[in-house]
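# Tertiary structure, described
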Amino acid sequence: MTLLDGKTLSANIEKNLITQVQDLAKQGITPGLAVILVGNDPASCAYVQMKAKACKRVGIYSVTHEMPPSITEDELLSVIEILNKNPNIDGILVQLPLPSHIKTSKVLEAINPQKDVDGFHPFNVGRLSVNLDSFVPATPLGVMNLLKHYNIDVSGKDVVIVGMSNIVGKPLAALMLNAGASVSCTHILTRDVSAYTKNADIVCVGVGKAGLIKADMIKEGAIVVDIGINRLESGALVGDVDFENVSKKVSFITPVPGGVGPMTIATLLQNTYKAALYRLTQRA
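In this text, all values refer to a predicted model and were calculated from it rather than measured experimentally.

The subject of this paragraph is the nonpolar core. Counting 53 residues, the largest nonpolar core has Leu147 and Met176 as its most contacted members. Take this core: its biggest share by element is 10 residues, from helix α10 (residues 260-283). Setting aside residues no more than four positions away along its own chain, leucine 147 makes contact with Leu4, Ile152, Val154, Met176, Ile223 and Val225. Ranked by size, the runner-up nonpolar core spans 19 residues in total, among them Leu76, Val79, Leu98 and Ile111.

Take a look at the structure:
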């Protein structure tokens, strides 16, 4: 069994980004990322702080706009419009979830697709679905980059994705299809998830339910990518996979923490750098 070490790979990505960002600075451009945080959800706040620290490590300018939970939808849209017009901001990220009185789809659609480093705008979603260059959500793209780093070719493989969120499951399915995999998608309405996972070469799971994937649901030698993250009453962080028992059967598996999580942050930084490159081409 080999651990898919996202922590080490993400550190290497950051090292490369430091050089790339410095080269861009010599041409008069410092990549800029604006994060909008509505409310004070502890998990969202912690994640935003991690993004800010990562930006600082590689030399990306970042600013966080903290908004009260009572902010109106129109007020939030006005902030996004200002950021869309700001020439020094290359990427705009709205931390989800938003309060219930704000329509998430409307907010995401307001972001300039060329600054949509989260890859949630329908424009980028559509381009991904037909395998055209686009901004891709950081977590699923991070999964693909992690597999590639370990020379795991998904082409021709039977892949099962457990969890069909717009943020992870659906874009990951598109990436896998584009890479030549045969993809099965399961979700909360699937009657028997194990009927799919038992025969899969690669199982990717991200639903936020600790211990969902058991050893008897995985075939010998399979590859397991655990995208879930859950905090137990003991305070320990675990994924959606029964790691202790599943790891004994598989050829590759991601640890939690230290697997997909660090790759998400690193990939967001890469997307921001990509957006800054677009600004450079526009200036030429």
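The computed volume of the largest pocket comes to approximately 1,200 Å³. Contributing to the lining of the largest pocket are 40 residues, with Tyr47, Thr139, Ile227, Ile229 and Thr264 lying nearest its centre. Going through the elements one at a time, α2 (42-58), β4 (91-94), α6 (138-149), β9 (230-231) and α10 are the ones with two or more residues in the lining of the largest pocket. It is α2 that provides the largest number of residues to the lining of the largest pocket, a total of 6 residues.

As a further point, take the UniProt feature "binding site: NADP(+)" (unreviewed entry) in the protein chain. The sites that UniProt annotates as "binding site: NADP(+)" (unreviewed entry) are Gly163, Met164, Ser165, Ile188 and Ile229. Checked against the lining of the largest pocket, the annotated residues just named reduce to Ser165 and Ile229. Within the secondary structure, glycine 163 is located in the loop between β5 (158-162) and α7 (169-178). Residue glycine 163 is classed as buried on the basis of its relative accessible area of 10%. The residues touching glycine 163, leaving out its near neighbours within four places in the chain, are Gly169, Thr186, Gly206 and Val207. Inspection of the secondary structure assignment puts methionine 164 in the loop between β5 and α7. Residues in contact with methionine 164, not counting those within four places in the same chain, are Gly169, Lys170, Cys185, Thr186 and His187.

So, on to the UniProt feature "domain: Tetrahydrofolate dehydrogenase/cyclohydrolase catalytic" (unreviewed entry) in the protein chain. In the numbering adopted here, UniProt assigns the feature "domain: Tetrahydrofolate dehydrogenase/cyclohydrolase catalytic" (unreviewed entry) to residues 4-118. Taken end to end, residues 4-118 is 50% helix and 16% strand, and its first and last C-alpha atoms sit 23 Å apart.

Here we take up the pairing of strand β3 (residues 61-67). The pairing of strand β2 (residues 32-38) with β3 spans 7 bridges and is parallel. Bridge pairing in β3 links valine 35 to threonine 64. Regarding topology, α2 serves as the crossover connection from β2 to the parallel β3, and that connection is right-handed.

Definitions and cut-offs
- Residues numbered from 1 in each chain as written.
- Predicted model: local features only at pLDDT ≥ 70, side-chain atom pairs only at ≥ 80, totals over all residues.
- Heavy atoms only, no water.
- Core = buried A, V, L, I, M, F, W, Y, C linked by side-chain atoms within 4.5 Å.
- Buried < 20%, exposed > 50% of the residue type's maximum accessible area, 1.4 Å probe, protein only.
- Helix = DSSP H or I, 4+ residues; strand = E, 2+ residues; numbered from the N terminus.
- Contact = heavy atoms within 4.5 Å.
- 1 Å grid on protein atoms, 1.4 Å probe; cavity = no way out; pocket = protein on both sides within 12 Å on 5 of 7 lines; lining within 4 Å.
- Points joined across faces, edges and corners; volume = space filled by probe spheres on them.
- UniProt positions renumbered as here; feature names shortened; annotations may be inferred.
- Pairing = 2+ DSSP bridges.
- Right-handed = clockwise from strand over helix to strand, strands pointing away.

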